[in-house]
Amino acid sequence: MASPLQFAYRTQKAIGVFDADPVYEALPGFTKPAEGNLRCCVYSGCGRYFAYATNEGVVIVDASVGHVLTSLPITTVYDLSFSPHGTYLSTWERPAKDENGDATKNLKIWRTIEELADDAEKQPIGKFVQKSANGWNLQYTEDERFCARIVTNEVQFYQSDDLGTVWNKLRVEGVSDFALAPGKNQNVAVFVPERKGHPASVKVFNVPQFTSPISQKTFFKADKVQLKWNQLGTALIVLAQTEVDKSNKSYYGETNMYLLSANGSFDARVTLDKEGPIHDVSWSPNSKEFGVVYGYMPAKTTIFNHRAVATHSFPLGPRNTIIFSPTGRFALVAGFGNLAGQIDVYDLEKDYRKITTIESGNPSVCTWSPDSRYILTATTSPRLRVDNGIKLWHVGGGIMYNEDMVELYNVIWRPVPAASLPNVDPLHPIPTPHPSALAYLGTVKTPSKPVGAYRPPGARGSSTPLHFKREDEGGAAHSVSNGVPQVGPNGFGRPRRQIPGAEFAEPAKPSVPGAVVDDENLSKTALKNKKKRNKKTKEAGEGATTPNEGGLAPPRESGDGRSPDRSHQRHHSRSQSRSNNLAVRTQNNHRSRSNVRQSPAPAQQVAPVVDAATAAAQSANAKKIRSLQKKIRAIEDLEMRHAGGEKLEDTQLKKIATKSSVIKELEALEKEGH
């Protein structure tokens, strides 16, 4: 019988090793460490060893039975890592200084298992100064023959059993990151960021032939990169990122992706057909294809082959993670972080058929089991300090195991070599769930139908307009530039700023002072506005005296900042009331003061009193004209949206059909005005 699947977890008060399917119980031979400062735990890549660090030291146990194999006499370890086959163990302590003020060697390399005398204490085989906690460990070749670490302007190589002497050096000016290739190809990729106007570059060298690179790529917009080799070490993905997006499209900087072959036969930028950041990229275990999640939400997920040619795209959705199963048959596409935690599982061997969608909640950890039958999700601290726990899901979508924990910090599967895995169908038969899974299903509330956004009574029962829908629901694509949408309500250009009830302002055009504006160059709306202005000026000029005629500027009609037509109407009403009051005062009191106040009334204030009915009729016609012009603009916007391919509602189509009648009515009113 094959050994059961196993995972280890670390909480605030305990480190545990748990056997999963089919037994679902703690590993009998493992003794949990005493409560205290439990800092980290890790499995070896081969799955034989399990190590954890506490404030009492580092303990290495046999992962199969849980018995303690050895311990290391260091009490300040904060991180652990094994070499690929578990031969060596690396420990990292926080940087410190000795009595002389020199930095202590806080990175130490140990043999995992070695023969010692009874009274002998285990000693490290190598020590280094490593200040940064990022990329602190040595990188090993697949056969553990060589290992490497980065220092200023060079990558130093060592023979794994002799860390006291530098075996070889790769000198690269300004190198900031590197990655050794897995598999039998002993290649190394190095990254040099942009500096002094020179582009960034990624170069691939064969170990130990460092005279010239076998493959390289130069590019701009790269402050840092992620170097992702496939499992065979034959191709490299470079995910480049800038700290700041100069176009202000993204708060998190700009991302680009490049693909290089290890032998130099191919290099290219991976072109993506949706604007937005690259959320995730992952190689398939078969090393022949990779998946990318990219674009503004809802994001797009696409599978590319080893020549960066898209082979399949999944439906758009709020997703930011893609993970291939260890066997390469399945892929999960999920949305974590500030997304809803939905996990879509696809069968890549069955025409990319979707198997299920898992509602996982708010997990911060999501990993496949080594046999590709289960998906482990966990909510961990400090991201979320509530609802911490572990859940096991079958690839078919059902929950198999659930355990709630207090302040869960980490959970990891025990690696299993591919040769040791049983050759069975992961989908069938469906295993029996643990009782904890049934209890969990009993506490989960049936999701109620979403109420949705408020809809006014006039819009109820009708379909949602396209500009209110997400892109994956049939709406328009998301596009930003400097934080401003590029597409207006008619589907073209930026939207115009509008005050409700006001007419659209025409954009100012540069002109030569004193030059005559040609009416042929004006738009239809601008020409109508010009006619209206000329008409108002003519009406105002017929009944007004212009003492400054021929001067540089017309006289101000009022000092209250109002437009001439409004101030003109205000003077009409004032003059009428003043005239009435003065007449009464003259008849009753015969005061000279009333004569003085009555004499300055200009003719332009008296004339409109005589023709008040005509002015009222003109004002009513002007309102109708403005209303009809507004209707025509709205109809033209609908026509533009319809021409752009947008599906309009029935009421909008009926409105477009009334355009000819509205134009005739407008022309009739304009003729009456003349």
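Model, not experiment: these values are computed from the prediction. (Residues numbered from 1 in each chain as written. Predicted model: local features only at pLDDT ≥ 70, side-chain atom pairs only at ≥ 80, totals over all residues. Heavy atoms only, no water.)

A.B. asks: How would you explain the sheet that holds strand β34 (residues 389-394) if you had to name every residue and give the values?
C.D. replies: Strands sit in the order β32-β33-β34-β35 across an open sheet of four strands; the sheet is antiparallel. Edge positions in the sheet fall to β32 (365-368) and β35 (399-404), since each of these pairs with one other strand and no more. Strand-to-strand, the axes of this sheet are offset by a mean angle of 10°, without reference to chain direction. Here β34 runs beside β35; their pairing, made up of five bridges, is antiparallel. Each bridged residue has a counterpart across the sheet, and for Ile390 the counterpart in β35 is Glu403. Across the sheet, helix α1 (residues 435-443) lies against β34 and β35, angled at about 80° from β35, the strand it touches most. (Pairing = 2+ DSSP bridges. Helix = DSSP H or I, 4+ residues; strand = E, 2+ residues; numbered from the N terminus. Axes fitted to C-alpha atoms, helices over the stretch in contact; angles between N-to-C directions. Contact = heavy atoms within 4.5 Å.)

A.B. asks: Account for the sheet that holds strand β27 (residues 310-317), naming residues and giving values.
C.D. replies: Here four strands make up an open sheet; going across it, the order is β24-β25-β26-β27 and the pairing antiparallel. Every interior strand has two partners, whereas the edge strands, β24 (278-283) and β27, have only one. Looking at each pair of strands side by side, their axes are set apart by 15° on average, direction ignored. In this structure, β24 lies alongside strand β25 (residues 289-294), joined through five bridges in antiparallel fashion. Each bridged residue has a counterpart across the sheet, and for Trp283 the counterpart in β25 is Phe290.

A.B. asks: Outline the layout of surface pockets, supporting the account with residue identities and numerical values.
C.D. replies: One number sums up the size of the second largest pocket: a volume of about 1700 Å³. Lining the second largest pocket we find 40 residues, and of these Gly45, Glu142, Pro182, Gln231 and Pro415 sit closest to its centre. Mapped onto the lining of the second largest pocket, the elements with two or more residues apiece are β8 (77-82), β12 (139-140), β16 (177-180), β24, β28 (321-324), β32 and β36 (408-413). Of the residues contributing to the lining of the second largest pocket, the split by class is 26 nonpolar, 12 polar and two charged. (1 Å grid on protein atoms, 1.4 Å probe; cavity = no way out; pocket = protein on both sides within 12 Å on 5 of 7 lines; lining within 4 Å. Points joined across faces, edges and corners; volume = space filled by probe spheres on them. Nonpolar A, V, L, I, M, F, W, Y, C, P; charged D, E, K, R; others polar.)

A.B. asks: Describe the environment of Phe304, naming the residues involved and giving the relevant values.
C.D. replies: Its location among the elements puts Phe304 in strand β26 (residues 299-305). Once the C-alpha coordinates of Phe304 and Phe290 are considered, the two residues, 14 residues apart in sequence, prove to be 5.4 Å apart. Setting aside residues no more than four positions away along its own chain, Phe304 makes contact with Val270, Thr271, Leu272, Lys288, Glu289, Phe290, Val292, Val309, Ala310 and Thr311.

A.B. asks: So what about the environment of Ala268? Which residues, and what values?
C.D. replies: Among the structural elements, Ala268 can be located in strand β23 (residues 267-269). Not counting the four nearest positions on each side in its chain, Ala268 is found in contact with Lys217, Tyr258 and Leu259.

A.B. asks: Provide a residue-level description of unusual backbone geometry, including the pertinent values.
C.D. replies: The linkage connecting Asp21 with the following residue, Pro22, adopts the cis geometry, with an omega of 5°. Locating Pro22 in the fold gives a position in the loop between β2 (15-19) and β3 (25-26). The peptide bond linking Met297 to Pro298 adopts the cis configuration, its omega dihedral lying at 0°. Mapped onto the elements of the fold, Pro298 is located in the loop between β25 and β26. Unlike most non-glycine residues, Lys196 shows phi in positive territory, near 55°. If you trace the backbone, Lys196 turns up in the loop between β17 (187-192) and β18 (200-206). Unusually for a residue other than glycine, Ser372 sits at a positive phi of about 65°. Its place among the elements puts Ser372 in the loop between β32 and β33 (374-379).

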